[in-house]
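Coordinate analysis (summary)
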Amino acid sequence: MAATTATRTAYRTCPLCEATCGLTLTITGDQVTHARGDRDHVFSHGFVCPKGAAFPQLLADPDRLRRPLLRVDGALREVGWDEAFAAVEAGLAAARSGGRDAIAVYLGNPNVHTMAGGLYVGPLVRALGTRNVYSASTVDQMPKHVSSGYLYGDPNAIPVPDLDRTDLLVLLGANPFESNGSLCTAPDFPGRLRALQARGGRFLVVDPRRTRTATAADEHLPIRPGTDALLLFAVVHTLFDEDLVRLGRLAEHVTGLDDVRDLAAAFAPERVADRCAVPAPRIRRLARELAAASAAAVYGRIGTCTVAFGTLTSWLVDVVNVLTGNLDRPGGAMFPLAAHQRTRAPGPGKGFRTGRWTSRVRSLPEVKSELPVATLADEIETPGEGQVRALITIAGNPVLSTANSRRLDRALASLDFMVSIDPYLNETTRHADVVLPPPDAARAGHYDFAFLSLAVRNVASYSPPALPPEPDSLDECDILARLTLIAARRGAGADPAELHEHLLGQTLADAAEMLGRPAAELRALVAGDRPAERLLDARLRLGAYGDQFGARPDGLSLTRLLDHPHGVDLGPLQPRLPEVLRTASGTIELCPPPIAADVARLRDARDAPPDGFVLVGRRHLRSNNSWMHNVPALVKGRDRCTLQVHPEDATKLGLAPGDAARVSSRVGSVVVPVEVTAETMPGVVSLPHGWGHDVPGTRQSVARAHPGVNSNVLTDEAAVDPLSGNVVLNGIPVRVEPA
Ligand SMILES: Nc1nc2c(c(=O)[nH]1)N[C@H]1C(S)=C(S)[C@@H](COP(=O)(O)OP(=O)(O)OC[C@H]3O[C@@H](n4cnc5c(=O)[nH]c(N)nc54)[C@H](O)[C@@H]3O)O[C@H]1N2
Ligand SMILES: Nc1nc2c(c(=O)[nH]1)N[C@H]1C(S)=C(S)[C@@H](COP(=O)(O)OP(=O)(O)OC[C@H]3O[C@@H](n4cnc5c(=O)[nH]c(N)nc54)[C@H](O)[C@@H]3O)O[C@H]1N2
Ligand code: SF4
Ligand SMILES: [Mo]
C-alpha cells in the first residue's frame, strides 16, 4: 500500500499519568504530528499538560526500540521475535532448575497505564507460579491498599476526595499542580481546586515544601517529614476530646470506634506539636474545621505513603473522614464505580490479610501476593534454595526508582538471565539478555482499568489504536501472551491466540453463570477486532452499567464506547456503603488489630529526639518518574535536578546557589548542585527522583545529555513500613556538606 500523507484526527486518552485526559491527535500519513486537549472530552474538557502535548515527540523518539534485542557474546543486537522468544524460553528453563521462585518479576508503573498490563500480567504471574513478585506498588501506594484492605475488606476499595463537590479539602503529601493527581483521577486537578475556591470552599496543603499546590492553597501547613501520622492522630484525639465525632449515616456500618478513641488518647495536639512542627492550636482548629464543614475530605498521597508510618498515616486519613461523617457522602471521600466493575450483594466477605508467605531473606510479609521491592537485591544476592537467578521486568526501571538502587544495579548484573519488556534501553534494561519492545502508545488500544476506578466522576472511554501496527512489531498483549505460554511450558512457538481465547472463555464462563445463558451464545455476541477489545467488551457488558449482553439495551458495551470517542459520562460518584464492604464483619472495621499493634512504634517516634537533615523528593510537571527525560521538550530549560536547601541552612552549611553539595546517607552519597530556596522548610532538603542517566550501556541520548543524579542512591532499602513493606523514600536522614 502506498504511503499516504493525508491528515486526519483521532481521539485518544493520554496514557502518561493518572489524570486520563482526552487528547485530540493530528495524524499525517502514519505519524502523529500534533496533540492537544480534546475540548469535547466528557471528563477533561480540553485540559492538557506539557507531557500530553509532547505525546507526538515521545512516539517519534529515535531512541525507542523497534526490534527485540538479544545479548550475544556480551553485546545486544537486534533479532527477530522468534529468536528472541526462543532465547527467553531457554533462559527461563535454565533458571527454573533452581525452582519456581528462582524467577522473579518486577512490574513497573506503566503496567497500570496499559491494557496489556491490566489484562495479561496476572496470567503471566500465575503461570510462573513464583512468590518473587515485586512491583512499583511498594515504592508507592501499598500502604493505602493495606489500610483499605483492613478497613473495608478490599485492598482496592480506595476512597477518593469528591473534588467537584467538597467544601474543604485537606491534602497531605500531594502536589497535584505538578503530578496531576494520584489515587485520585481528576483531569485538570488544579482547575478543579480553583473551582472549589471559586464556589466558596477552601483547600489546605500539609507539606514540608511550599509547592505550587501549597502556594495556590488557602493555607499551607509546613510539617516535619514523616510525622503526618502524629498530626492526624492529634486531629482524631481532638475530635473525641471536643466531642466533635459525628458518624451520621455511617454509624450503623462502623465497628471499633471506642478502640480508636483509646489509641488516640496518647496523641494530644500538645504532645505532638513539636515533633510535627505544627502548632497545637492549629491542629485543634483543623479538627474543628473538618468537623464543621458541610462536606470535607482529607486526602493523602506520596508524602503519606512512602514514609516510615505509611500504613498508619493512610489509615488515619480515612479514620478522620469516617469520624467527621465524610466517608461515602457527596463532597466527602467516596468510592468510584467504574464501568468494568460489578457491584456485589452486601454482606460479610472474606476480609483481608497479609503475610500468607514471607520473603526468604528478611522474612517480610507478602501483601497482595507481592513482596517488597526493598528486598529484591537480598533475594538475588543471598545464596541458598529459592535464590532469584532470573528476572522479568515489565515496564519498570527499578535501578532508578527503588531504594538503594546502586545495590540493585549490582545485583541485576549478577543474574543468570534477565528479560525486559520495555521500549527503552535504560539503566535497568541494559542488564537484560533479551529486551522485547512494545509498540508505541498510539498503536495500542486504551482503556484505564486502574484509574477509572479512582476517578472523581464515573466516566468511561475507550480509544482504539490511532495507527496500524508497524511492520515486524508485536502488540504488548501478544508479547505478554507468548511469555505466559512459555511460562506455562507451552513453548516459545505457541500461538498467543490460545491464551487470548482461554482468558475470554474464563470471563464468559463467569458471565454465563451470572446471566444464566450459555457461554457459546455470549461468545457469539462479543465485539472487538483485537483480543484486548474482546476482553474489554465482555467486562463492560457484564459491568455495573453494562448491557448485560443485550438484556439492558441502553447499557454499556465496547460498541457504545467506540461510538463515543470523547467518553461517556456516568455521573457524579454515588454512595456505595455497605455494598463496597468485604470485611468478615460486613462493617468498616475502624480499628484493625494489625494497625493498632503498630501504634506503639508511633508513640516511640512521638518522643524521639529531634533529628538532623532529612531528604524528601519532589516531582516536576514535565517529568514522569524516570522515563520521559529523553524527550527534548520535557528536559529543556534550567537543570531541574537540584538539591533544594532552605536559606538559613545554606548559610549554616556555607552553601551558595549553584555550589556542589555532597549528600550522604547510610547507603550512599551523591554530589548535586544546590538551589537555595525557602520553598523547603529548614532542616529539610529535597531532590527529585528518576534522574541519574549517565551510566554506560543505555540508549537514551537526550537523557544522557541531561543526566542529573539518582536520588535513590541515598534511600535505604532497610527502612520499610512494616505493615505494607513499602520502602521509605521521604524523610531519609542525610548529611549535607559542600563538595
Ligand atoms: N526517591 C523516590 N523514588 C521514587 C518515587 C519517589 O517519589 N521518590 N516515586 C515512586 C513511584 S510513585 C513510582 S510509581 C515508581 C516508578 O517506578 P518504575 O515503574 O520502576 O519506573 P518508571 O520510571 O516509571 O519506569 C517505567 C518504565 O516503563 C517503560 N515503559 C513506558 N511505557 C511503556 C509501555 O507502554 N510498555 C512497557 N512495557 N514499558 C513501558 C519505560 O521505558 C521505563 O523503563 O518510582 C518510585 N520511585
Ligand atoms: N509530572 C509528574 N507527574 C506525575 C509523576 C511524575 O513523576 N511527574 N509521577 C506519577 C506517579 S507514579 C505518582 S505515584 C504521582 C504522585 O503524586 P503526588 O503524591 O501528588 O506527587 P509528589 O510530587 O511526589 O508529591 C508528594 C509531596 O509530598 C511531600 N512530602 C514529602 N514528605 C512528606 C511528609 O512526610 N509529609 C507530607 N505531608 N508531605 C511530604 C513532598 O514535598 C511532595 O510535595 O504522580 C504521578 N504524576
Ligand atoms: S495531565 Fe496526565 S493525562 Fe493529562 S495530558 Fe498531562 S500527562 Fe496526559
Ligand atoms: Mo507512582
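How each quantity is defined
- Residue indices follow the written sequence of each chain, beginning from 1 at its first position.
- Chain letters and ligand numbers both follow the written order, the letters beginning at A and the numbers at 1.
- Thresholds applied to this predicted model are a pLDDT of at least 70 for local features of residues and 80 or more for the giving and counting of side-chain atom pairs; totals over whole chains, interfaces and linings are not thresholded and use all residues.
- Based on all heavy atoms of the structure, the side-chain values leave hydrogens and waters out of the count.
- UniProt positions are given in the numbering used here, feature names are shortened, and annotations may be inferred rather than shown by experiment.
- Numbering of helices and strands starts at the N terminus; helices are DSSP runs of H or I of at least 4 residues and strands are runs of E of at least 2.
- Here the nonpolar core consists of buried residues drawn from Ala, Val, Leu, Ile, Met, Phe, Trp, Tyr and Cys, with membership extended through side-chain atoms lying within 4.5 Å.
- Burial classes: relative accessible area under 20% of the type maximum marks a residue as buried, over 50% as exposed, and values in between as partly exposed (1.4 Å probe, protein chains only).
- It only takes one pair of heavy atoms within 4.5 Å for two residues to be counted as in contact.
- Residues are called lining when one of their atoms sits within 4 Å of a cavity or pocket point, these points coming from a 1 Å grid over the protein atoms alone, where a cavity is a set in which a 1.4 Å probe fits but cannot get out and a pocket is an open set with protein on both sides within 12 Å along at least five of seven lines.
- Grid points are joined across faces, edges and corners, and a volume is the space filled by probe spheres set on the points.
- Note on residue classes: Ala, Val, Leu, Ile, Met, Phe, Trp, Tyr, Cys and Pro are nonpolar, Asp, Glu, Lys and Arg are charged, and everything else, Gly too, is polar.
- Here a residue is considered near a molecule or strand provided that any single heavy atom belonging to it is located within 4 Å of it.
- What qualifies as a polar contact is a pair of N or O atoms within 3.5 Å, subject to a donor-acceptor requirement within protein and to the restriction that residues adjacent in sequence count only when both atoms come from side chains.
- In this description, accessible areas are obtained by the Shrake-Rupley approach with a 1.4 Å probe, and a residue is regarded as covered only by the protein chains that are shown.
- Whether two strands pair comes down to DSSP finding at least two bridges between them.
- Angles run from 0 to 180 degrees between N-to-C directions of axes, and those axes are lines fitted to C-alpha atoms, restricted for helices to the stretch in contact.
- Residue ranges assigned to the domains are those given by an automatic or database domain assignment.
- Here the buried area means the combined drop in accessible surface, using a 1.4 Å probe, for two parts upon being joined, counting both sides.
- Here a salt bridge means any side-chain nitrogen of Lys or Arg lying within 4 Å of a carboxyl oxygen belonging to Asp or Glu.

- Under an unreviewed UniProt entry, the chain has the name Molybdopterin-dependent oxidoreductase and belongs to Micromonospora thermarum.

Describing the UniProt feature "domain: 4Fe-4S Mo/W bis-MGD-type" (unreviewed entry) in the chain
- Residues annotated by UniProt as "domain: 4Fe-4S Mo/W bis-MGD-type" (unreviewed entry) correspond here to residues 7–63.
- Span residues 7–63 is 18% helix and 37% strand, its end C-alpha atoms 25 Å apart.

Some thoughts on the nonpolar core
- If you look at the biggest cluster of nonpolar residues, it comprises 96 residues, and the most contacted ones within it are Phe85, Tyr120, Leu169, Ile394, Leu436 and Tyr447.
- The element that contributes the greatest number of residues to this core is helix 4 (residues 115–128), accounting for nine residues.
- Other than its neighbours up to four places away in sequence, Leu436 contacts Pro68, Trp81, Ala84, Phe85, Val419, Ser420, Ile421, Asp422, Ile479 and Leu483.
- Formed by 68 residues, the second largest nonpolar core is a distinct cluster that contains Val170, Leu244, Val599 and Ala605.

A closer look at empty space enclosed by the protein
- Across all of its chains, the model carries five cavities of 30 Å³ or more by this definition.
- Approximately 110 Å³ is the volume attributed to the largest cavity.
- Looking at the largest cavity, it is lined by 13 residues, and the ones nearest its centre are Lys144, Pro159, Tyr299, Gly300 and Val317.
- Listed by contribution, the elements that provide at least two residues to the lining of the largest cavity are strand 8 (160–161), strand 13 (296–300) and helix 14 (310–323).
- Its residues placed into classes, the lining of the largest cavity shows nine nonpolar, two polar and two charged.

Describing the site of ligand 1
- Near ligand 1, the surroundings consist of 29 residues, among which Tyr106, Asn109, Ser401, Asp422 and Ser626 are the closest.
- Take Glu476: an N or O atom from its side chain is 2.7 Å from a nitrogen atom of ligand 1.
- For ligand 1, the accessible surface in isolation is 930 Å², of which the surrounding protein chains cover 95%.
- A per-class count over the shell around ligand 1 returns 13 nonpolar, 12 polar and four charged.

Looking at the site of ligand 2
- Around ligand 2, 32 residues are found, and the nearest of them are Asp207, Gly226, Asp228, Arg619 and Asn625.
- In the environment of ligand 2, a nitrogen atom lies 3.0 Å from a nitrogen or oxygen atom belonging to the side chain of Lys51.
- Within the contact set of ligand 2, an oxygen atom lies 2.7 Å away from a side-chain nitrogen or oxygen of Asp207.
- Alone, ligand 2 offers 910 Å² of accessible surface; in the complex the protein occludes 98% of this.
- Secondary-structure elements contributing two or more residues to the shell around ligand 2 are helix 6 (176–179) and helix 13 (302–305).
- Here the residues of the shell around ligand 2 sort into 10 nonpolar, 14 polar and eight charged.

Looking at the sheet that holds strand 1 (residues 7–13)
- Read from one edge of the open sheet, three strands run 1-2-3, paired in antiparallel fashion. Edge positions in the open sheet fall to strand 1 and strand 3 (31–37), since each of these has one partner strand only. On average, each strand axis in the sheet is inclined to that of its neighbour by 30°, with strand direction left out of account.
- As paired elements, strand 2 (residues 22–28) and strand 3 share six bridges and run antiparallel to each other.

Remarks on unusual backbone geometry
- That bond from Leu577 to Pro578 is cis: its omega, 0°, falls within 30 degrees of zero.
- Within the secondary structure, Pro578 sits in the loop between strand 19 (568–572) and strand 20 (588–589).
- Located in the positive-phi region is Lys368, a residue other than glycine, with phi close to 50°.
- Classification of Lys368 by relative accessible area gives partly exposed; the value is 29%.

Some words on the domain arrangement of the chain
- Domain assignment breaks the chain into domain 1 (142–336 + 576–602) and domain 2 (611–738).
- When each unit is reduced to the centre of its C-alpha atoms, the spacing between domain 1 and domain 2 is 28 Å.
- Each partner contributes to the interface: domain 1 provides 30 residues, whereas domain 2 provides 27 residues.
- Roughly 2100 Å² is buried in total at the junction of domain 1 and domain 2, and carbon and sulfur atoms are behind 56% of that figure.
- Joining domain 1 to domain 2, the criterion identifies four salt bridges.
- Between Asp611 and Arg275 there is a salt bridge whose closest N-O contact spans 3.6 Å.
- Where domain 1 meets domain 2, there are 10 residue pairs in polar contact (both at pLDDT 80 or more).
- Looking at the side of domain 1 that touches domain 2, the elements with two or more residues in it are helix 5 (142–152), helix 6, helix 13, helix 14 and helix 23 (593–597).
- In the side of domain 1 that touches domain 2, the residues fall into 16 nonpolar, six polar and eight charged.

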